[in-house]
Amino acid sequence: MVVLGLPALQGSKSYEGGGRMVESSAAVKPWREAVVWAARQAIIRRRGWSALAGPRETSMVFSLTRPKGPIGTGRNAGLLQPSAPPRLDFTPHLSKLARSTEDALTTAGAYRDDALLVGYRRLEKRYATDPGRVPDVLELQGAVIRLYRAAVASPGGDRP
């Protein structure tokens, strides 16, 4: 499933009084809404869908816009400077992006509870300038999300 929009991290919550907790990140609500919409569209396309049960694995590849700093100007306009970092090695935190996305998939009814996720087959954040070179990287901000039935190990098969 492809979700377009600015991937936003699950931030901390602050207490507002009267038992109300408020999300500290204003960007998380639009991101969750985009994930819920895309997941529900995927669900609609599958006849007889019911929320997934049992252990699941997921793949999430987040595509984010590269900052303008490492992009050349003048005759080098649009070209990446050689000193530009090849990977996104600063905020947003990958685990917090995954957490907000997992919660949105629960809201959408993709699975009954995100506690069913037992592993990640792939979890990455990439620059949106990598489409075509790296699988599942988008040209725009967003994410490619996949859900899989988890492989079940044989009894005693997890021992070293």
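Structure report, in brief. (Residues numbered from 1 in each chain as written. Predicted model: local features only at pLDDT ≥ 70, side-chain atom pairs only at ≥ 80, totals over all residues. Heavy atoms only, no water.)

A short note on the packing of helix 1 (residues 28-44) against helix 2 (residues 94-108)
Here is step 1 of the chain: In the contact formed by helix 1 and helix 2, the axes pass within 8 Å of each other and the chain directions differ by 45°. For the element pair helix 1 / helix 2, the angle class is oblique. Judged by the sense of rotation from one axis to the other, the crossing of helix 1 with helix 2 is right-handed. Judged by residue contacts, Val28, Trp31, Arg32, Val35, Val36, Ala39, Arg40 and Ile43 of helix 1 engage Ser100, Thr101, Asp103, Ala104, Leu105, Thr107 and Ala108 from helix 2.
Here is step 2 of the chain: Grouping the constituent residues of the contact of helix 1 with helix 2 by class yields 9 nonpolar, 3 polar and 3 charged. (Axes fitted to C-alpha atoms, helices over the stretch in contact; angles between N-to-C directions. Helix = DSSP H or I, 4+ residues; strand = E, 2+ residues; numbered from the N terminus. Parallel < 35°, antiparallel > 145°, perpendicular 65-115°, else oblique. Left-handed = near helix turned anticlockwise from the far one by under 90°. Contact = heavy atoms within 4.5 Å. Nonpolar A, V, L, I, M, F, W, Y, C, P; charged D, E, K, R; others polar.)

Considering the pairing of strand 4 (residues 56-64)
Here is step 1 of the chain: Within strand 4, 9 of the 9 residues are buried, which leaves the element mostly enclosed by the surrounding structure.
Here is step 2 of the chain: Both faces of strand 4 are covered, namely the face carrying Arg56, Thr58, Met60, Phe62 and Leu64 and the face carrying Glu57, Ser59, Val61 and Ser63.
Here is step 3 of the chain: Judged from the 9 bridges that link them, strand 4 and strand 5 (residues 117-127) form a sheet pairing that is parallel. Pairing of glutamate 57 across the sheet is with glycine 119, part of strand 5. (Buried < 20%, exposed > 50% of the residue type's maximum accessible area, 1.4 Å probe, protein only. Pairing = 2+ DSSP bridges.)

Quick word on unusual backbone geometry
Here is step 1 of the chain: Despite not being glycine, aspartate 136 shows a phi value in the positive range, around 70°.
Here is step 2 of the chain: Among the structural elements, aspartate 136 can be located in the loop between strand 5 and strand 6 (142-149).

Let's talk about the pattern of salt bridges
Here is step 1 of the chain: In this structure the tally under the stated criterion is 6 salt bridges.
Here is step 2 of the chain: Across the salt bridge formed by arginine 126 and glutamate 124, the nearest N and O atoms sit 2.8 Å from each other.
Here is step 3 of the chain: Of the residues examined, arginine 126 reaches a relative accessible area of 14% and is grouped as buried.
Here is step 4 of the chain: Owing to a relative accessible area of 14%, glutamate 124 belongs among the buried residues under this scheme. (Salt bridge = Lys/Arg side-chain N within 4 Å of Asp/Glu carboxyl O.)

Brief notes about the environment of lysine 125
Here is step 1 of the chain: Looking at where lysine 125 falls in the secondary structure, it is placed in strand 5.
Here is step 2 of the chain: Here lysine 125 falls in the buried class, since its relative accessible area comes to 11%.
Here is step 3 of the chain: For the pair lysine 125 and leucine 94, spaced 31 residues apart in sequence, the C-alpha separation works out to 6.7 Å.
Here is step 4 of the chain: Of note is the side chain of lysine 125, whose polar atom sits 2.5 Å from the backbone oxygen of proline 92. (Polar contact = N/O pair within 3.5 Å; in protein donor to acceptor, adjacent residues only side chain to side chain.)

Points about the environment of isoleucine 145
Here is step 1 of the chain: Relative to the assigned elements, isoleucine 145 resides in strand 6.
Here is step 2 of the chain: Relative accessible area serves as the criterion here: at 3%, isoleucine 145 is assigned to the buried category.
Here is step 3 of the chain: The sequence separation of isoleucine 145 and methionine 60 amounts to 85 residues, and the corresponding C-alpha distance is 4.6 Å.
Here is step 4 of the chain: With sequence-adjacent residues up to four places away left out, isoleucine 145 is seen in contact with Met1, Val3, Val35, Thr58, Ser59, Met60, Thr101 and Leu105.

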